[in-house]
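Residues per chain, in single letters:
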Amino acid sequence: MRRALFAATALLSIGQTALAAEDVPEAPYIDDRSSAEAVVRSLYSAINRHEFARAWGYFGDTKPAKDFDSFVKGYDGTDKVEVETGAVSDEGAAGSIFYNVPVAIRATDKTGGEKVFAGCYTLRQVNAQIQAAPPFDPIHIEKGALKPSTADFEEALPPSCGDGPPPPKKDTALEQAKKAFLATYGDQCDKQFLANEPEGFSIKYKDKNAQPGDPDKETRLFHFSCSAAAYNESSVYYMTDEVDGVRQLQFAEPETDIRYENNDSDGKLLSVTVIGFHTTGWATNSDYDPDAHTITTFNKWRGIGDASDSGTYLFRNGDFSLVQYDVDASYDGEENPQTVVDYNTAP
């Protein structure tokens, strides 16, 4: 492994002429660990600026050479290195994400001679939320292997890492929904849920104004779990389509006036009256049924579930509508809800 890593960098050594301090080329300073691609570009920024201690630091425990002096000597005579990166693939494993980055470089020596190399870097990102004590382990290079290429630099970039097919295209809708969720709820939700992938659904339907032969429309639905208490779990949903983009789903809920005998909630329930409506982005103990195209919610007022409210939301023509809402306001040890909103039952 160490021999392969050393080869990935030693191949960049062109000539044996040591660089004088005044010969160090002017190159932009890039120090970015926000993504696997950014780390690779930061590595070559450090190499171009001959900041080899910084370059060495982008690697994890497995270094690219047997020691730092050997690493530096591997770049004797190198004037500059241009880098291109390709489509990044990733795979999760035991609290980490491993990224494979296709890379092509063009190394130019002090005499103007050029050589092209191509291959793959593997980087690791340890979940920041499970790193409870310093030192923090940032995204870093686990290994890299570049080989000489006979292709022109512009054509040398591998389509993917290894011998497999090119990595799948990114799910843009999913990535946008995840970004919106983290931006809004990243500091509100339980940490154990933040790293989880949402449930995703594709809903295809005919627009109400569709003409014969018009194609189906598609809405994507994403269900994010956010927090869990003793008997209720809270979630949020995002929807996306080609017209409206990504938006959080809002749930209509009735406001109710509940009356008990002697104003005692443990006593006899007298009436439940709807006095208005409001919307919320939260869905409690929710579930999406892809066959019925409905989202259901069930909010327990106490653990045994004898008092609660629940809603049924039907997807039609690109959005979800409240079609039924039940309230069980009697704390009597039994589940006996009454329907207070009903657009779900035929007259």
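Since the model is a prediction, treat every value here as computed from it, not as a measurement.

> Break down the environment of glutamine 192 for me, citing the residues and quoting the values.
Here glutamine 192 is to be found in helix H6 (residues 191-194). The sequence separation of glutamine 192 and glutamine 129 amounts to 63 residues, and the corresponding C-alpha distance is 8.9 Å.

> Give a description of the pairing of strand E7 (residues 217-228) that names residues and reports values.
Within a regular strand, the side chains alternate between the two sheet faces. Looking at chain direction, strand E6 (residues 199-205) and E7 are connected through seven bridges and run antiparallel. By the bridge assignment for E7, isoleucine 203 is matched with threonine 219. For E7 and strand E8 (residues 233-241), the ladder comprises eight bridges, and the chain directions are antiparallel. From the neighbouring strand, arginine 220 faces E8, where its bridge partner is threonine 240. Once E7 ends, the chain turns through four residues before running back antiparallel as E8.

> So what about the packing of aromatic side chains? Which residues, and what values?
Within this structure, the stated rule accounts for 19 aromatic pairs. Seen from their ring centres, phenylalanine 71 and tyrosine 75 are 5.5 Å apart, and the 80° between their planes marks the pair as edge-to-face. Accessibility expressed as a relative area gives 1% for phenylalanine 71, which makes it buried. Measuring from ring centre to ring centre gives 5.8 Å for tyrosine 237 and phenylalanine 251, while their planes differ by 75°; the resulting arrangement is edge-to-face.

> Tell me what's going on with the pattern of salt bridges, and back it up with residues and numbers.
One pass over the full model with this rule turns up 15 salt bridges. Residue aspartate 171 pairs with arginine 220 through a salt bridge whose shortest N-O separation is 2.8 Å. Taken as a pair, aspartate 171 in the loop between strand E5 (140-148) and helix H5 (172-185) and arginine 220 in strand E7 lie far apart in primary sequence, 49 residues in all. Across the pair aspartate 306 and arginine 302 runs a salt bridge whose closest N-O atoms are separated by 2.6 Å. Given a relative accessible area of 30%, arginine 302 falls into the partly exposed group. One network of salt bridges, with partners in common, ties together Glu37, Arg41 and Glu84.

> Any chance you could break down the side chain of histidine 140 for me, citing the residues and the numbers?
When you line up the elements, histidine 140 lands in strand E5. Residue classification places histidine 140 among the buried positions, given a relative accessible area of 6%. Among the polar contacts made by the side chain of histidine 140, one reaches the side chain of glutamate 142 at a distance of 2.8 Å. Residues in contact with histidine 140, not counting those within four places in the same chain, are Arg33, Tyr58, Phe59, Gly60, Thr122, Leu123 and Arg124.

> Requested: an account of the pairing of strand E9 (residues 245-248), with residues and values cited.
Alignment of E8 against E9, held across four bridges, turns out to be antiparallel. Considered in E9, the bridge of methionine 239 is made with arginine 247. From the end of E8 to the start of E9, which pair antiparallel, there are three residues.

> Explain unusual backbone geometry residue by residue, including any values.
Cis geometry marks the peptide bond from proline 134 to proline 135; its omega dihedral reads 0°. Mapped onto the elements, proline 135 comes out in the loop between strand E4 (114-126) and E5. Look at asparagine 262: it is not a glycine, yet its phi comes out positive at around 60°. Looking at the secondary structure, you find asparagine 262 in the loop between strand E10 (251-260) and strand E11 (269-280). A residue is classified by how much of its surface remains accessible, and asparagine 262, at 70% relative accessible area, is exposed. With a phi angle near 55°, asparagine 263 is a residue other than glycine that sits in the positive phi range. On the basis of relative accessibility, which here comes to 72%, the residue asparagine 263 falls in the exposed class.

Cut-offs used in this document
Residues numbered from 1 in each chain as written. Predicted model: local features only at pLDDT ≥ 70, side-chain atom pairs only at ≥ 80, totals over all residues. Heavy atoms only, no water. Helix = DSSP H or I, 4+ residues; strand = E, 2+ residues; numbered from the N terminus. Pairing = 2+ DSSP bridges. Phe/Tyr/Trp six-rings, centres within 6.5 Å; stacked < 30°, edge-to-face > 60°. Buried < 20%, exposed > 50% of the residue type's maximum accessible area, 1.4 Å probe, protein only. Salt bridge = Lys/Arg side-chain N within 4 Å of Asp/Glu carboxyl O. Polar contact = N/O pair within 3.5 Å; in protein donor to acceptor, adjacent residues only side chain to side chain. Contact = heavy atoms within 4.5 Å.

The quantities given are spatial measurements derived from coordinates; they are silent on function.
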